[in-house]
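Residue-level structural notes
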Amino acid sequence: MSTRPKVARAELVGAFGDPIDENPTGIMQEAAFAAAGLNWRYLLLKVAADDLGAAIEGIRAMSFRGINLTIPHKVAVLQHLDAIVPDAATIGAVNTVRREGNRLIGENTDGKGFLRSVREDAGVDPRGKRVVFLGAGGAARAMTVELALAGAAHVTVVNRTPGRGEELVRLLRSKTPVQAEFVPWQGEYAIPPDADMVVNATSIGLYPAVDVLPPVALGSIRPGLLVCDVIPNPPRTAFLKAAAARDARTLDGLGMLVYQGAIGFKLWTGVEPDIAVMRRALEEVFG
Ligand code: NDP
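Starting afresh in each chain, residues are numbered from 1 along the sequence in its written order. Selection of residues for local features in this predicted model requires a pLDDT of at least 70, selection of side-chain atom pairs for listing and counting requires 80 or more, and totals for whole chains, interfaces and linings are taken over all residues. Remark: hydrogens and water are excluded; side-chain values derive from all non-hydrogen atoms of the structure.

Here the focus is the pattern of salt bridges. By definition here, a salt bridge exists when the distance from a side-chain nitrogen of Lys or Arg to a carboxyl oxygen of Asp or Glu is within 4 Å. Considering all chains together, one arrives at 17 salt bridges under this definition. The residue R60 makes a salt bridge to D82 at a minimum N-O spacing of 3.0 Å. Here R60 is found in helix α2 (residues 52-61), whereas its partner D82 is found in the loop between β3 (66-69) and β4 (83-84), with 22 residues between them in sequence. Residue exposure (1.4 Å probe, protein chains only): buried if accessible area is under 20% of the type maximum, exposed if over 50%, otherwise partly exposed. By relative accessible area, D82 is classed as partly exposed at 37%. The salt bridge involving E272 is made with R116; its shortest N-O contact spans 3.9 Å. Of this pair, E272 sits in the loop between α8 (253-269) and α9 (275-286) while R116 sits in helix α4 (residues 110-120), and the two are 156 residues apart along the sequence. A residue is classified by how much of its surface remains accessible, and E272, at 46% relative accessible area, is partly exposed. Through salt bridges with shared partners, a single network forms among R116, E120, K266 and E272. By definition, any uninterrupted DSSP run of H or I lasting at least four residues is a helix, any uninterrupted run of E lasting at least two residues is a strand, and each is numbered from the N terminus.

In structure tokens form, the structure reads like this:
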């Protein structure tokens, strides 16, 4: 009687970026693969902007099951894919590619990860909420689109560079049902008293500049307001500490990072990952 040969080949996924050396996603995903008993590998691959097309052909040739995209590839990758799911097309950026047969499908899990963290970690349903976003970059774009599609009532985009903020507001008004307005960021921004949530979606507070706060009038943070930060490292930012000192509720950026990865894991493997294992792996990286 013959026994079935054990499959020695691992399934491959990974991330394309430049820079990529410090990216912690692989540690989180590999911890989840191990916990799920999956023979999968997550490779950090340094791919320069000009080499993206060749790299995508490479993953097609090498039967990768999917790939994450980070700086500078999230927008440029669209032209190399076979299909883009509707919300990623609205956002205009892809951070996760999955393979369906020979087709490469583009998804965006950043905003979905944030939404899941709002619902599951903060216990807040975004429907009907009035939300202030500080920042209008790629992360803000993904997060505001998903919040709008999930039924948020009103989004205020506060941004230093007016053109970028105005463009995001135009996108939200034309592609989602949300009411949106732009406020130029000059001096300290005072959070309106009717806001339910405020989100720092800028890179202010990211390691190593951990003591820097976004210019917000701290006196306008009222008790009970939900204050969120996109910065995952360190998770407890100076902004969240200041908000907690004013009895606001806080939500860190680590949850978003874990859930966007967990959604990608499920898209690739079809299996629900162990969220606690993923979070613990990241906490160890960030010390
Ligand atoms: P972008 O470069 O696309 O956008 C950066 C944003 O921050 C812009 O709105 C920019 O304003 C604003 N900004 C930066 N510095 C300042 C400053 N000194 N004063 C005022 N505004 C400032 O970056 P991303 O949107 O891709 O990323 C933003 C942050 O989100 C990063 O720190 C990243 O690590 C984090 N992130 C976290 C994720 C998670 O899962 N937790 C996922 C994705 C990103 P302006 O337009 O005027 O330049």
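So, about the site of the ligand. Neighbouring residues are identified by heavy atoms, a residue being near a molecule or strand if any of them is within 4 Å of it. Taken together, 20 residues form the shell around the ligand, and within it A136, A139, N159, T161 and V230 come nearest. A distance of 2.5 Å separates an oxygen atom of the ligand from a polar atom in the side chain of T161. At 2.9 Å, a backbone N or O of V230 approaches a nitrogen atom of the ligand. Going through the elements one at a time, α5 (138-149) and α8 are the ones with two or more residues in the shell around the ligand. The element best represented in the shell around the ligand is α8, accounting for three residues. Class assignment of the residues belonging to the shell around the ligand gives a composition of nine nonpolar, eight polar and three charged. Any pair of N or O atoms that falls within 3.5 Å is considered a polar contact. Within protein, one atom must be able to donate a hydrogen and the other to accept it, and sequence-neighbouring residues count only if both atoms are side-chain atoms. Lys, Arg, Asp and Glu make up the charged group, whereas Ala, Val, Leu, Ile, Met, Phe, Trp, Tyr, Cys and Pro make up the nonpolar group; the residues left over, Gly among them, are polar.

Attention now goes to the domain arrangement of the protein chain. Per the domain assignment, the segments of the protein chain are domain 1 (11-108 + 256-286) and domain 2 (111-252). Domain start and stop points were drawn from an automatic or database domain assignment. The distance between the C-alpha centroids of domain 1 and domain 2 comes to 25 Å. Residues count as neighbours in contact if any of their non-hydrogen atoms are within 4.5 Å of one another. Taken together, the contact pairs 14 residues of domain 1 with 20 residues of domain 2. Joining two parts hides part of their accessible area as seen by a 1.4 Å probe, and the buried area is that hidden amount summed over both. Taken as a group, I91, M256 and Y259 account for 42% of the area that domain 1 buries against domain 2, more than any other trio of residues on that side. Here domain 1 and domain 2 share three salt bridges between them. The interface formed by domain 1 and domain 2 contains four residue pairs in polar contact (both at pLDDT 80 or more). Of all elements in the fold, only α3 (86-91), α8 and α9 reach the threshold of two or more residues within the side of domain 1 that touches domain 2. If one sorts the elements of the side of domain 1 that touches domain 2 by residue count, α8 sits on top with six residues.

Side-chain atoms within 4.5 Å link the members of a nonpolar core, which is a set of buried Ala, Val, Leu, Ile, Met, Phe, Trp, Tyr and Cys residues. In this structure, F114, F133, M143, V157, L172, M197 and V199 are the most contacted members of the largest nonpolar core, which totals 35 residues. Per-element tally for this core: the top contributor is α5, with six residues. Two domains each provide a minimum of three residues to this core, namely domain 1 (11-108 + 256-286) and domain 2 (111-252). Contact partners of F133, with chain neighbours within four places excluded, come to F114, A140, M143, T144, L147, V155, T156, V157, V158, V199 and A201.

Glancing now at the sheet that holds strand β1 (residues 11-17). Hydrogen bonds between backbone atoms are what pair the strands of a sheet, whose relative direction is either parallel or antiparallel. Strand pairing requires that DSSP identify at least two bridges connecting the strands. Reading across from one edge, β2-β1-β3-β5-β6-β4 is the order of the six strands in this open sheet, with mixed pairing throughout. Two strands close off the open sheet at either side, each with one partner strand: β2 (40-46) and β4. Bridge analysis of β1 against β3 gives two bridges, and the strand direction is parallel. The residue bridging F16 from the neighbouring strand is L69, located in β3. The sheet contacts of helix α1 (residues 25-36) involve β1, β2 and β3, and relative to β2 the element is tilted by about 170°. The sheet contacts of α8 involve β1, β2, β3, β5 (96-100) and β6 (103-107), and relative to β5 the element is tilted by about 10°. Here an angle of 0 to 180 degrees is reported between the N-to-C directions of two axes, which are lines fitted to C-alpha atoms, with helices fitted over the stretch in contact.

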